[in-house]
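Tertiary structure, described
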Amino acid sequence: MTATTPHPVLRVAPAAPAEAAAYFRASLAFHADASDVAAALAAGGDPGFVVVDSRSTEAWEQGHVPGAVHLPTALVAEQAPRLLDPAVPVVTYCWGPGCNGATRAALALAELGYRVKEMLGGFEYWVREGFAHETRQGRERRSPDPLTAPVDAADCGC
(Lines give C-alpha, C1' and ligand atoms only; values in the text may rest on other atoms or scores of the structure.)
Protein backbone atom coordinates (compact mmCIF):
# COMPACT_ATOMS: atom_id res chain seq x y z
CA MET A 1 0.00 0.00 0.00
CA THR A 2 1.20 3.48 -0.74
CA ALA A 3 0.20 6.75 0.89
CA THR A 4 -2.22 7.38 -2.00
CA THR A 5 -3.70 3.85 -2.11
CA PRO A 6 -5.79 3.13 1.00
CA HIS A 7 -5.94 -0.32 2.53
CA PRO A 8 -8.98 -2.28 1.26
CA VAL A 9 -10.72 -1.74 4.61
CA LEU A 10 -10.78 2.01 3.99
CA ARG A 11 -11.05 1.97 0.20
CA VAL A 12 -14.64 2.97 0.79
CA ALA A 13 -14.64 5.47 3.63
CA PRO A 14 -16.71 4.78 6.75
CA ALA A 15 -20.08 6.48 6.84
CA ALA A 16 -20.50 9.75 8.63
CA PRO A 17 -21.38 9.21 12.30
CA ALA A 18 -25.01 10.32 11.88
CA GLU A 19 -25.49 8.01 8.89
CA ALA A 20 -23.85 5.13 10.78
CA ALA A 21 -26.07 5.73 13.80
CA ALA A 22 -29.19 5.71 11.62
CA TYR A 23 -28.11 2.48 9.93
CA PHE A 24 -27.29 0.65 13.17
CA ARG A 25 -30.47 1.93 14.87
CA ALA A 26 -32.46 0.59 11.93
CA SER A 27 -30.61 -2.73 12.10
CA LEU A 28 -31.64 -3.13 15.73
CA ALA A 29 -35.25 -2.49 14.74
CA PHE A 30 -35.08 -5.50 12.40
CA HIS A 31 -32.91 -7.93 14.38
CA ALA A 32 -32.66 -9.57 17.79
CA ASP A 33 -29.91 -11.91 18.90
CA ALA A 34 -30.40 -15.36 20.38
CA SER A 35 -29.10 -14.41 23.83
CA ASP A 36 -31.50 -11.47 24.13
CA VAL A 37 -34.43 -13.65 23.05
CA ALA A 38 -33.37 -16.37 25.51
CA ALA A 39 -33.04 -13.87 28.36
CA ALA A 40 -36.49 -12.43 27.67
CA LEU A 41 -38.06 -15.90 27.58
CA ALA A 42 -36.19 -17.02 30.73
CA ALA A 43 -37.33 -13.97 32.70
CA GLY A 44 -40.78 -15.49 32.99
CA GLY A 45 -44.07 -13.85 32.30
CA ASP A 46 -44.99 -12.33 28.98
CA PRO A 47 -41.87 -11.35 27.01
CA GLY A 48 -43.95 -9.08 24.78
CA PHE A 49 -43.30 -11.08 21.62
CA VAL A 50 -43.85 -14.52 20.13
CA VAL A 51 -41.09 -16.63 18.58
CA VAL A 52 -41.81 -18.27 15.22
CA ASP A 53 -39.81 -21.18 13.81
CA SER A 54 -40.13 -20.92 10.03
CA ARG A 55 -38.52 -24.29 9.18
CA SER A 56 -40.01 -27.56 7.96
CA THR A 57 -41.74 -30.07 10.23
CA GLU A 58 -38.68 -32.34 10.03
CA ALA A 59 -36.41 -29.51 11.16
CA TRP A 60 -38.86 -28.50 13.92
CA GLU A 61 -38.89 -32.06 15.27
CA GLN A 62 -35.10 -32.18 15.16
CA GLY A 63 -35.07 -29.27 17.62
CA HIS A 64 -36.69 -25.91 18.27
CA VAL A 65 -36.83 -23.05 20.75
CA PRO A 66 -39.12 -23.95 23.66
CA GLY A 67 -42.44 -22.15 23.36
CA ALA A 68 -41.91 -21.22 19.70
CA VAL A 69 -44.78 -21.39 17.23
CA HIS A 70 -44.12 -23.66 14.26
CA LEU A 71 -45.06 -21.78 11.11
CA PRO A 72 -43.14 -22.81 7.97
CA THR A 73 -42.40 -19.91 5.65
CA ALA A 74 -44.51 -21.34 2.83
CA LEU A 75 -47.56 -21.43 5.14
CA VAL A 76 -47.29 -17.93 6.65
CA ALA A 77 -50.01 -16.33 4.51
CA GLU A 78 -52.42 -19.20 5.11
CA GLN A 79 -51.81 -19.90 8.82
CA ALA A 80 -50.50 -16.71 10.47
CA PRO A 81 -53.98 -15.23 11.04
CA ARG A 82 -54.99 -18.40 12.90
CA LEU A 83 -51.76 -18.78 14.91
CA LEU A 84 -50.59 -15.24 15.67
CA ASP A 85 -52.09 -12.18 17.28
CA PRO A 86 -51.38 -9.19 15.00
CA ALA A 87 -50.96 -6.98 18.09
CA VAL A 88 -47.99 -9.03 19.36
CA PRO A 89 -44.54 -8.55 17.78
CA VAL A 90 -42.99 -11.64 16.19
CA VAL A 91 -39.37 -12.86 16.21
CA THR A 92 -38.64 -15.31 13.39
CA TYR A 93 -35.81 -17.82 13.11
CA CYS A 94 -34.67 -20.57 10.78
CA TRP A 95 -31.54 -22.76 10.74
CA GLY A 96 -28.79 -20.18 11.01
CA PRO A 97 -26.80 -17.43 9.37
CA GLY A 98 -26.51 -19.38 6.12
CA CYS A 99 -30.29 -19.61 5.71
CA ASN A 100 -32.66 -16.82 4.72
CA GLY A 101 -35.85 -18.63 5.66
CA ALA A 102 -36.40 -16.41 8.71
CA THR A 103 -35.93 -13.35 6.49
CA ARG A 104 -38.51 -14.63 4.01
CA ALA A 105 -40.91 -15.47 6.86
CA ALA A 106 -40.38 -12.01 8.38
CA LEU A 107 -41.11 -10.41 5.03
CA ALA A 108 -44.30 -12.45 4.61
CA LEU A 109 -45.43 -11.53 8.12
CA ALA A 110 -44.62 -7.85 7.63
CA GLU A 111 -46.63 -7.86 4.40
CA LEU A 112 -49.56 -9.22 6.43
CA GLY A 113 -49.22 -6.33 8.89
CA TYR A 114 -47.25 -7.97 11.71
CA ARG A 115 -44.42 -6.17 13.49
CA VAL A 116 -41.47 -8.50 13.14
CA LYS A 117 -37.79 -8.99 13.88
CA GLU A 118 -35.43 -11.73 12.77
CA MET A 119 -33.35 -13.65 15.34
CA LEU A 120 -29.73 -13.45 14.25
CA GLY A 121 -27.93 -16.78 14.16
CA GLY A 122 -31.15 -18.78 14.06
CA PHE A 123 -31.50 -22.17 15.69
CA GLU A 124 -27.82 -22.89 15.13
CA TYR A 125 -26.69 -20.12 17.43
CA TRP A 126 -29.48 -20.83 19.91
CA VAL A 127 -28.01 -24.30 20.38
CA ARG A 128 -24.35 -23.20 20.10
CA GLU A 129 -24.87 -20.62 22.84
CA GLY A 130 -26.09 -23.40 25.15
CA PHE A 131 -29.79 -22.56 25.40
CA ALA A 132 -32.31 -25.32 26.05
CA HIS A 133 -34.19 -26.63 23.04
CA GLU A 134 -36.92 -29.19 22.49
CA THR A 135 -36.63 -32.25 20.27
CA ARG A 136 -38.71 -35.36 19.59
CA GLN A 137 -37.00 -36.90 22.63
CA GLY A 138 -37.69 -33.97 24.98
CA ARG A 139 -35.72 -31.00 26.27
CA GLU A 140 -31.98 -30.86 25.58
CA ARG A 141 -29.17 -28.45 26.32
CA ARG A 142 -25.63 -28.50 24.98
CA SER A 143 -22.57 -26.88 26.48
CA PRO A 144 -21.95 -23.40 25.08
CA ASP A 145 -19.50 -23.18 22.19
CA PRO A 146 -16.69 -20.91 23.49
CA LEU A 147 -16.53 -19.25 20.06
CA THR A 148 -20.15 -18.06 20.34
CA ALA A 149 -20.80 -17.56 24.04
CA PRO A 150 -18.83 -16.95 27.24
CA VAL A 151 -18.38 -20.27 29.01
CA ASP A 152 -17.75 -18.90 32.52
CA ALA A 153 -19.79 -15.69 32.52
CA ALA A 154 -23.45 -14.81 32.73
CA ASP A 155 -23.30 -12.87 29.46
CA CYS A 156 -20.87 -11.58 26.88
CA GLY A 157 -21.10 -8.01 28.05
CA CYS A 158 -22.23 -6.69 24.70
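Residues numbered from 1 in each chain as written. Predicted model: local features only at pLDDT ≥ 70, side-chain atom pairs only at ≥ 80, totals over all residues. Heavy atoms only, no water.

Let's shift gears to the environment of Pro89. Tracing the sequence through the fold places Pro89 in the loop between helix H5 (76-83) and strand E4 (90-93). Here Pro89 falls in the partly exposed class, since its relative accessible area comes to 23%. (Helix = DSSP H or I, 4+ residues; strand = E, 2+ residues; numbered from the N terminus. Buried < 20%, exposed > 50% of the residue type's maximum accessible area, 1.4 Å probe, protein only.)

So, about helix H6 (residues 101-111). Considered for burial, the residues of H6 that qualify are Gly101, Ala102, Ala105, Ala106 and Leu109. All buried residues of H6 project into a common sector of 135° when viewed along the axis, lining one side. Buried residues along H6 sit in contact with H5, E4 and strand E5 (116-120). Residue Gly113 follows H6 closely and has a positive phi angle near 100°. (Arc of directions from axis to C-beta. Contact = heavy atoms within 4.5 Å.)

Here we take up the pairing of E5. Both strand E1 (residues 31-33) and E5 contribute to a ladder of three bridges, which runs parallel. Considered in E5, the bridge of His31 is made with Glu118. Note that E4 and E5 share three bridges and pair parallel. Among the inter-strand pairings, Val90 is bridged to a residue of E5, identified as Val116. On the question of chirality, the crossover connecting E4 to the parallel E5 by way of H6 is right-handed. (Pairing = 2+ DSSP bridges. Right-handed = clockwise from strand over helix to strand, strands pointing away.)

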